[in-house]
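A structural walkthrough
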Amino acid sequence: VQLQASGGGLVQAGGSLRLSCAASGSVLSINTMGWYRQAPGKQREFVAVISSGGYMNYADSVKGRFTISRDNAKNTVSLQMNSLKPEDTAVYYCNAVGIGLNLRTFGSWGQGTLVTVSS
């Protein structure tokens, strides 16, 4: 299963960006789709996740500013990021966990998309 992320870029503090990620390949079902990020010199950290049933969870640092959504029919997940701060600068990775057509569980990562927030 492959994930293709898009939507990163450069934005001023207080601005907005929308990230998107599409899963393709031999997918039977996707349980969770989410976003993680890795800032320079730091470890990758959790940002947000959404289940197939619509349950969402967010990191405390982004609650109230970021909104995750997904389209189960299209196997896509999006992250609407508002009120961006310089500390949101990072490479953002999408993630999907599910079951493939071979009936085996998969966990896949996208290639990452860079978000830069200037002060």
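Residues numbered from 1 in each chain as written. Predicted model: local features only at pLDDT ≥ 70, side-chain atom pairs only at ≥ 80, totals over all residues. Heavy atoms only, no water.

**Let's talk about the sheet that holds strand 3 (residues 17-24)**
Quick note on the threshold: One requirement defines pairing of two strands: DSSP has to find at least two bridges between them. Counting from the N terminus, the helices are DSSP H or I runs at least four residues long and the strands are E runs at least two residues long. Note on geometry: axes are lines fitted to C-alpha atoms, helical ones only across the stretch in contact, with angles between N-to-C directions running from 0 to 180 degrees.
Sheet architecture is open: four strands sit in the order 1-3-8-7, paired in antiparallel fashion. Looking at the sheet topology across the chains shown, the edges are occupied by strand 1 (2-6) and strand 7 (66-71). With strand direction ignored, the average angle separating the axes of adjacent strands in the sheet is 15°. By the bridge criterion, six bridges tie strand 7 to strand 8 (residues 76-81) in an arrangement that is antiparallel. Residue R70 lies in a different strand from strand 8, and its bridge partner there is V77.

**A look at the nonpolar core**
Where we set the bar: What is meant by a nonpolar core is a set of buried Ala, Val, Leu, Ile, Met, Phe, Trp, Tyr and Cys residues, joined one to another through side-chain atoms within 4.5 Å. Only protein chains enter the calculation, and the probe is 1.4 Å; a residue is then buried if its accessible area is under 20% of its type maximum, exposed if over 50%, and partly exposed in between.
Ranked by size, the top nonpolar core spans 31 residues in total, and within it W35, V47, F66, I68, L79, M81 and Y92 carry the most contacts. Sorting the residues of this core by element identifies strand 1, strand 3, strand 4 (27-38), strand 5 (45-51), strand 7, strand 8, strand 9 (90-100) and strand 11 (113-118) as the ones contributing at least two each.

**Focus on the packing of aromatic side chains**
Note the cut-off: The rule is short: rings of Phe, Tyr and Trp, with Trp giving its six-membered ring, pair when the centres are within 6.5 Å, and they are stacked under 30 degrees, edge-to-face over 60, tilted in between.
If you walk through the whole model with that rule in mind, you get two aromatic pairs. Between Y36 and F46, the aromatic rings sit 5.7 Å apart at their centres with planes inclined by 75°, giving edge-to-face as the arrangement. Taken together, the residues span a long stretch of sequence, with Y36 in strand 4 and F46 in strand 5 at a distance of 10 residues. The partly exposed category is assigned to Y36, whose relative accessible area is 24%. With a centroid separation of 5.0 Å and an interplanar angle of 70°, the aromatic rings of Y36 and W109 are classed as edge-to-face.

**Digging into the environment of S52**
Stated formally: For this analysis, residues touch if any pair of their heavy atoms sits within 4.5 Å.
Inspection of the secondary structure puts S52 in the loop between strand 5 and strand 6 (56-58). Classification of S52 as partly exposed rests on a relative accessible area of 39%. Taking the C-alpha atoms as reference points, S52 and N72, 20 residues apart in sequence, are found 6.8 Å from one another. Each residue touching S52, except ones within four places of it in the same chain, is listed here: I30, N31, R70 and N72.

**Concerning the side chain of R37**
Stated formally: In protein, a polar contact requires one atom able to donate a hydrogen and another able to accept it; more generally it is a pair of N or O atoms within 3.5 Å, and residues adjacent in sequence count only if both atoms are side-chain atoms.
In this structure, R37 sits in strand 4. Judged by its relative accessible area of 6%, R37 is buried. Polar contacts involving the side chain of R37 include one to the side chain of E45, which spans 2.7 Å. Beyond its immediate sequence surroundings of up to four residues, R37 is in contact with Q43, R44, E45, V47, S61, V62, F66, E87, D88, A90, V91 and Y92.

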